[in-house]
Amino acid sequence: MNMTEKQNALFSEWKKKEPGLVTDGVIDEQQYLKAPVRICFLLKEVNGGEDWDLCDFVRKGGRAQTWNNISRWVYGIYHSGRDIPWTDLQDIDNAFRQDYLQSICVVNVKKRSGKSEADNGLVYRAGERYRDQLRKQLEIYDPQVLICCGTADSYFDFITEFEDPQWQTTSRGIWYVREPTGRLVISYAHPEARARDNLLYYGLIDAYREIIYGKGLPASYTHLRAHETLMHLVCR
């Protein structure tokens, strides 16, 4: 079976235990496998309805409030070897989102719809309850980079197969782990965190560049230090 078929089989069994769950996963398998980096975003939950497919929604561009930032982050990681001024990313549209969201995976810890602001306790308990299914889901996608958007506790407590994560931090305070497989796991803010979009963007991309290329960032990149305020983010 290919990746999509394995994903569908997993959810077919999962729905027997959890009717009405909202499915998620790889948006476009071929685009994901051809991407410069296989990226998966581990989110908390969707907001609204039951028994629908998040992948279909994201394929069409999703909603700007969440998916503008995620598409920017994907763009920045794919082009991490060069500086990108905010003027190139400030105003993006549905076509941009569609272009850059096709090649990712999106996994929610909690597969049932929540409210406008996630209940972190419920999300955490969903990770505990469905740890086996969530682990199998990530095994199917085998991402090279996993960005935990307010979900690192669920991932490291329940989902990953590896114990005793060796946490490291970038010079600006972004926490990450290199798993034995080589997978990079970054603990980061939710894309709708209460912070300016440019701070969220450069906070993540600066951290990724430092992790991948080391601290020797180009001199033209030093103006991004303003995003140090991200260490004080209040995440949804």
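Coordinates for the structure precede this section.
No experiment lies behind these values; they were computed from the predicted model shown. The numbering scheme is per chain: residues are counted from 1 as the chain's sequence reads. Only residues with pLDDT of 70 or above have their local features reported here, since the model is predicted, and side-chain atom pairs are shown and tallied only from 80 upward, although totals for entire chains, interfaces and linings are computed over all residues. Only hydrogens and water are set aside when side-chain values are computed; all heavy atoms of the structure are taken into account.

Undergrad: Explain the overall build of the chain here, please?
TA: Each helix is a run of DSSP H or I of at least 4 residues and each strand a run of E of at least 2, with the numbering of both proceeding from the N terminus. From N to C terminus, the chain includes 9 helices and 7 strands. Classification of the 236 residues of the chain by burial places 52% in the buried group. Throughout, a residue-residue contact means that at least one pair of heavy atoms, one from each residue, lies within 4.5 Å. Taking contacts inside the chain between residues at least 6 apart in sequence as the whole, the part at least 24 apart equals 76%. Carbon and sulfur atoms provide 46% of the accessible area of the chain, an area that totals close to 11200 Å². Summary of the burial criterion: residues with accessible area below 20% of their type's maximum are buried, those above 50% are exposed, and those between are partly exposed, where the area comes from a 1.4 Å probe applied to protein chains only. Using a 1.4 Å probe, the Shrake-Rupley method yields the accessible areas, and only the shown protein chains count as cover for residues.

Undergrad: Explain empty space enclosed by the protein to me, please; I cannot follow it from the model alone.
TA: Think of a ball as big as a water molecule: rolled over the atoms, this probe shows where empty space is left. Here a cavity is any set of points on a 1 Å grid over the protein atoms alone where a 1.4 Å probe fits but cannot get out, and a pocket is any open set with protein on both sides within 12 Å along at least 5 of 7 lines; a residue lines the site when it has an atom within 4 Å of a point. Grid points are joined across faces, edges and corners, and a volume is the space filled by probe spheres set on the points. In the structure shown here, the tally under the stated rule is 1 cavity of 30 Å³ or more. Volume-wise, the largest cavity comes out at about 40 Å³. Along its surface, the largest cavity is lined by 10 residues, and Arg82, Ile84, Tyr201, Ile205 and Arg209 are the ones closest to its centre. It is helix α9 (residues 197-213) that contributes the most residues to the lining of the largest cavity, 4 residues altogether. The nonpolar class holds Ala, Val, Leu, Ile, Met, Phe, Trp, Tyr, Cys and Pro. Asp, Glu, Lys and Arg form the charged class, and all remaining residues, Gly among them, are polar. Considering only residue class, the lining of the largest cavity consists of 5 nonpolar, 2 polar and 3 charged.

Undergrad: What is the right way to read the packing of aromatic side chains from this model?
TA: Here a ring pair, both rings aromatic, is described through the centre-centre distance and the interplanar angle of the planes. A pair of aromatic rings is counted whenever rings of Phe, Tyr or Trp (Trp by its six-membered ring) have centres within 6.5 Å, and the orientation is called stacked for planes under 30 degrees apart, edge-to-face for over 60 and tilted otherwise. The final tally for this structure, using the stated rule, is 16 aromatic pairs. Aromatic pair Tyr75 and Tyr100: ring centres 5.0 Å apart, planes at 80°, arrangement edge-to-face. Taken as a pair, Tyr75 in helix α4 (residues 64-78) and Tyr100 in helix α5 (residues 94-101) lie far apart in primary sequence, 25 residues in all. The class of Tyr75 is buried, set by a relative accessible area of 13%. Between Trp167 and Trp175, the ring centres sit 6.4 Å apart and the planes meet at 80°, which makes this aromatic pair edge-to-face.

Undergrad: What is the right way to read the pairing of strand β4 (residues 145-149) from this model?
TA: A regular strand places its side chains so that they alternate between the two faces of the sheet. Judged by how many residues are buried, β4 sits mostly within the fold: 5 of 5 residues are covered. At least two DSSP bridges between two strands are required for those strands to pair. When β4 meets strand β7 (residues 184-188), the two strands line up parallel, connected through 5 bridges. Residue pairing across strands places Ile147 opposite Ile186, the latter belonging to β7.

Undergrad: Help me understand the pattern of salt bridges, please; the structure alone is not making it clear to me.
TA: Oppositely charged side chains can pair when the atoms bearing their charge come close. Within this document, salt bridges are pairs made up of a side-chain nitrogen of Lys or Arg and a carboxyl oxygen of Asp or Glu, the two lying within 4 Å of each other. All chains considered together, the criterion is met by 15 salt bridges. With a shortest N-O distance of 3.0 Å, Glu13 and Lys16 are connected by a salt bridge. Here Glu13 pairs with Lys16, and both are found in helix α1 (residues 3-17), just 3 residues apart, close to one helical turn. Glu13 gets classed as partly exposed once you look at its relative accessible area, which sits at 46%. Of the charged contacts in the structure, one is a salt bridge between Lys111 and Asp24, with a shortest N-O distance of 2.8 Å. You can see Lys111 sitting in the loop between β3 (105-108) and α6 (120-129) and its partner Asp24 sitting in the loop between α1 and β1 (25-26), a full 87 residues away along the chain. We note that Lys111, like Asp24, is buried. Beyond isolated ion pairs, a larger network of salt bridges with shared partners links Glu18, Glu50, Arg112 and Arg129.

Undergrad: Just checking my understanding: could you explain α6 for this structure?
TA: Helical geometry: 3.6 residues make up each α-helical turn, so side chains three or four residues apart lie on a common side. Buried residues of α6: Val123, Ala126 and Gly127, and no others. Along the axis of α6, the buried residues cluster in a sector spanning 100°; they form a single face. Contacts described as polar in this section are N or O atom pairs within 3.5 Å, which, within protein, must combine one atom able to donate a hydrogen with one able to accept it, while residues neighboring in sequence count only if both atoms come from side chains. Near the N-terminus of α6, the side chain that reaches the backbone nitrogen of Gly121, with its oxygen 3.0 Å away, is that of Asp119. Note: the arc covers the axis-to-C-beta directions of the helix.

Undergrad: Sorry, what's going on with the environment of Val109 here?
TA: If you trace the backbone, Val109 turns up in the loop between β3 and α6. Overall, Val109 belongs to the buried group, its relative accessible area being 1%. The spacing of Val109 and Arg131 is 22 residues in sequence and 8.9 Å in space, taken between C-alpha atoms. With sequence-adjacent residues up to four places away left out, Val109 is seen in contact with Leu42, Leu43, Lys44, Val123, Ala126, Gly127, Leu134, Thr151 and Ser154.

Undergrad: Would you take a moment to explain the nonpolar core for this structure?
TA: Counting residues in each nonpolar core, the largest one holds 45 residues, and the members touching the most others are Phe41, Ile70, Trp73, Ile104, Ile147, Ile186 and Tyr188. Contributing elements (two or more residues each) for this core: β2 (39-43), α3 (54-59), α4, α5, β4, β7 and α9. Here this core gets 8 residues from one element, more than from any other, and that element is α9. Counting residues in each nonpolar core, the second largest holds 27 residues, with Tyr32, Leu42, Tyr141 and Val185 among its members. Definition used in this section: a nonpolar core is a set of buried Ala, Val, Leu, Ile, Met, Phe, Trp, Tyr and Cys residues joined via side-chain atoms within 4.5 Å.

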